[in-house]
Amino acid sequence: STPAEQAQAAIALGDVAYNSGDRKTALTHYQEAEQVLEQVAHKSPGQEQVWPDLTRVWYKIGLTQSQLADPRQALESYRRELQIAQEWSRQSHSSLDARRELAMAEEHVGSMLQQTQHAPEASLYLQRSLEVYRELRKQDPENAVRRLDVAVGFLEVASVMNQLGD
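Residues numbered from 1 in each chain as written. Predicted model: local features only at pLDDT ≥ 70, side-chain atom pairs only at ≥ 80, totals over all residues. Heavy atoms only, no water.

Focus on the packing of aromatic side chains
Consideration 1: Counted according to the given criterion, the structure contains 1 aromatic pair.
Consideration 2: Consider the rings of Tyr59 and Tyr78, whose centres lie 6.1 Å apart with planes at 25°: the pair is stacked. One end of the pair, Tyr59, is in helix α3 (residues 50-67); the other, Tyr78, is in helix α4 (residues 71-91), and 19 residues separate them in sequence.
Consideration 3: Lying across the ring of Tyr125, Arg128 places its NZ or CZ 4.7 Å from the centre. (Phe/Tyr/Trp six-rings, centres within 6.5 Å; stacked < 30°, edge-to-face > 60°. Helix = DSSP H or I, 4+ residues; strand = E, 2+ residues; numbered from the N terminus. Lys NZ or Arg CZ within 6 Å of the ring centre and 35° of its normal.)

Pasting the structure below:
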């Protein structure tokens, strides 16, 4: 099997463990997938199909770390997700999927910052996320996912503004 298939298998095993409540095993599988995907990305930098998988696996690592009560590590993982999403977006700036992943990564970092009592910094990430969601909705106004993204974005921004007292 190819490295990409090995990574997909590790992600699938992680998802099974995660859904059954075994977060530590899920994290191990997600980290295995991440290592394989990072190697693929370094060996074949122009291989665009690795970007979505790498971005999403870092999200899953961060989410799992958050649920294992490790917010510092979760924030670092979300920041790595954001770095990868930024690179993907730079290389595929016309891709709506890349831009949406970038907005979601901004949202993940912002939400974790808010949870860890860093509301002013969180506000910046959440505002940027909302801006991208709004741009994407303008390009496809009838798309229900785009509309939901904007609604969630507004809720996230309102929540952090409330925390800041604005």
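A look at the packing of helix α6 (residues 119-139) against helix α7 (residues 144-164)
Consideration 1: Following both chains from N to C, one finds α6 and α7 inclined at 160°, their axes separated by 9 Å at the closest point. Here α6 is positioned roughly antiparallel relative to α7, judged by the angle of their axes. Handedness of the crossing formed by α6 with α7: left-handed. Here Ala119, Pro120, Ala122, Ser123, Leu126, Gln127, Leu130, Tyr133, Arg134, Leu136 and Arg137 of α6 come into contact with α7, specifically with Arg146, Arg147, Asp149, Val150, Gly153, Phe154, Glu156, Val157, Val160, Met161, Gln163 and Leu164.
Consideration 2: In the contact of α6 with α7, the residues fall into 13 nonpolar, 4 polar and 6 charged. (Axes fitted to C-alpha atoms, helices over the stretch in contact; angles between N-to-C directions. Parallel < 35°, antiparallel > 145°, perpendicular 65-115°, else oblique. Left-handed = near helix turned anticlockwise from the far one by under 90°. Contact = heavy atoms within 4.5 Å. Nonpolar A, V, L, I, M, F, W, Y, C, P; charged D, E, K, R; others polar.)

So, helix α5 (residues 96-115)
Consideration 1: Given a rise of 1.5 Å per residue, 20 residues ought to cover 28 Å, and the 28 Å separating the end C-alpha atoms of α5 matches this to within 8%.
Consideration 2: Most of α5 sits inside the fold, with 16 of its 20 residues counted as buried.
Consideration 3: One side-chain oxygen of the residue at the start of α5 lies 3.4 Å from the amide nitrogen of Asp97, identifying that residue as Ser95.
Consideration 4: Phi for Gln117, located one or two positions after α5, is positive at around 65°. (Expected span 1.5 Å × (residues − 1). Buried < 20%, exposed > 50% of the residue type's maximum accessible area, 1.4 Å probe, protein only. Polar contact = N/O pair within 3.5 Å; in protein donor to acceptor, adjacent residues only side chain to side chain.)

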